[in-house]
Amino acid sequence: MNAATEIQTYLNFINGRWIGSATGEVEASRNPANTRDIIGYVQKSSLQDVNDAVASAKQAQKAWRNLAGNVRGDYLRRAADLLEKRLDEVAETMTREMGKTLPEAKGETARGVAILRYYAGEGLRSIGDVIPSTDSEALMFTTRVPLGVVGVITPWNFPVAIPLWKIAPALIYGNTVVIKPALETAVTCAKVIECFAEAGLPAGVLNMVTGSGSVVGQGLTDHPDVNAITFTGSNGVGKQIGRAALERGAKYQLEMGGKNPVIVTKDADLDLAVEATISGGLRSTGQKCTATSRVIIEREVYDAFKEKLLQTVKQITVGDGLKPGVWMGPCASENQLNTVLSYIEKGIAEGATLLCGGKRLTGPEYENGYFVEPTVFEDVSADMTIAREEIFGPVLALMKVDDLQQALDLANDAEFGLSASIFTTNIAHMLSFIHEMDAGLVRINAESAGVELQAPFGGMKQSSSHSREQGRAAIEFFTAVKTVFVKA
């Protein structure tokens, strides 16, 4: 890496080497809590950089796929050990670059370590089945083979976990990778890639190119030698990627938006429901695809729930995520702050009642950052913009219903179907929710934002391309099934 100046310039990683972009241009990565703090400079890459990275990955793929699975797993274990040793450094970089609080960043980095170790074990797990043949003198079985070169396009909100839950399975199943991280968190991603480099990963197996989506992301999507694309981000970009990949016959995986509901029934533990609603909706400043957005409450307990919720929300401390005692950090960028504020304005204009928050925070502590108050609306109807579109910010919409069936109908009245939660002590209600809720992840008496690395993750409706990530489910995307018939 180039450390000639006090503020480091982070390079692309291509064919086992850190190299500058062909453009010679860089962009500053700034702290959203204090924009005067520059974390580092990252490459504004060109299509030539993409082509070089893909060519490197293609050349390395045959030797990589021919390694035994346990040998590929050893590289992941070494990378995990290195990431664990650098956990505090990576987490602090994440907080400075993206804004989430340091405890959250440490938890995410630790999760990245666990993801690497989980997939390291995949190198010795089953990849096929023996199938009876109609020919008694033949052996028939299935195996799985890698796709080839995988393009990985990741967002800024989980700059360690999401890249790793795509990179790790791609590598362990024998693919090579070119990753384009979000420009806003490219320094954090570079520090993760450094762990792979230090682990001795063969040249070309993993490559990183930073830059704009219109150049680097589009370049990966359109490249004839990229056999598959895995993407997490907005619906608009995801659909463009899906169309382009389909046009040239590449495999694609899209994880996109959410408008995740929480249902609170009249028999719920209200203290638990309030705690989980706030954690699910407002941690990470609401910048999670699984964040709670709509809170659907039965009429009998609506006022009691609202009072408890507001009491707790008003106690939330907002500030620089590196400071002790801060519960919620800034929005990740000026663009994201403006998006959140515009949705709040739409909520007010369309007739929702603003109960608390709703403003950009001002004053000496906030003047150089992108801070917004945690915000709660009520009197929100199903046709309002804040009830239908993903805000990706700390905004909760309270909605009152008469019974569970009305709650379920309202919860399902959305184009998205990523995650959903219910708080109830009634087993029949739990079963109805499990059966009727149109979401890829449903949780009972737990926040909507909980995702475990060993379990399949993905959405329904407009939330995904209907594939699943994480756990053993990852093998379905990152490999192809090959049926083998052997005649004696």
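Calculation notes
Residues numbered from 1 in each chain as written. Predicted model: local features only at pLDDT ≥ 70, side-chain atom pairs only at ≥ 80, totals over all residues. Heavy atoms only, no water. Phe/Tyr/Trp six-rings, centres within 6.5 Å; stacked < 30°, edge-to-face > 60°. Helix = DSSP H or I, 4+ residues; strand = E, 2+ residues; numbered from the N terminus. Buried < 20%, exposed > 50% of the residue type's maximum accessible area, 1.4 Å probe, protein only. Lys NZ or Arg CZ within 6 Å of the ring centre and 35° of its normal. 1 Å grid on protein atoms, 1.4 Å probe; cavity = no way out; pocket = protein on both sides within 12 Å on 5 of 7 lines; lining within 4 Å. Points joined across faces, edges and corners; volume = space filled by probe spheres on them. Nonpolar A, V, L, I, M, F, W, Y, C, P; charged D, E, K, R; others polar. Pairing = 2+ DSSP bridges. Patch = residues over 30% accessible without salt bridge, like charges linked within 9 Å, V, L, I, M, F, W, Y side chains within 5 Å. Areas by Shrake-Rupley, 256 points an atom, 1.4 Å probe, with all protein chains shown as cover. Salt bridge = Lys/Arg side-chain N within 4 Å of Asp/Glu carboxyl O.

**Quick word on the packing of aromatic side chains**
- Under the defined criterion, the tally for this structure stands at seven aromatic pairs.
- Aromatic pair F13 and W18: ring centres 4.7 Å apart, planes at 45 degrees, arrangement tilted.
- Centroid distance W165 to F457: 6.0 Å. Interplanar angle 70 degrees. Geometry classified as edge-to-face. One end of the pair, W165, is in helix α5 (residues 161–172); the other, F457, is in the loop between β19 (441–444) and β20 (460–461), with 292 residues separating them in the sequence. Of the two residues, W165 and F457, both sit in the buried class.
- Cation over ring: K100 sits above F158, and NZ or CZ is 4.0 Å from the ring centre.
- Taking the ring centre of Y302 as reference, the NZ or CZ of K400 above it sits at 4.6 Å.

**A word on the layout of surface pockets**
- Of the voids in this model, the largest pocket is the one considered here, and its volume is about 930 Å³.
- What lines the largest pocket is a set of 36 residues, and nearest its centre among them are W156, F231, G233, S234 and V237.
- Looking at the lining of the largest pocket, the elements that each hand over two or more residues are α7 (213–222), β10 (228–232), α8 (235–248) and α11 (334–349).
- Its residues assigned to classes, the lining of the largest pocket comprises 14 nonpolar, 16 polar and six charged.

**Digging into the sheet that holds strand β4 (residues 26–31)**
- Read from one edge to the other, the open sheet built from three strands follows the order β1-β5-β4, with strand pairing classed as mixed. Taken across any chain shown, the strands that pair with only one partner, and hence form the sheet edges, are β1 (9–10) and β4.
- The sheet contact formed by β4 and strand β5 (residues 34–43) spans six bridges and is antiparallel. The residue of β5 that forms the bridge with N31 is N34.

**What to know about a nonpolar patch on the surface**
- The grouping of V130, L139 and V486 at the surface amounts to a nonpolar patch, some 270 Å² of accessible area in total.
- Relative to the helices and strands, V486 resides in strand β21 (residues 479–487).

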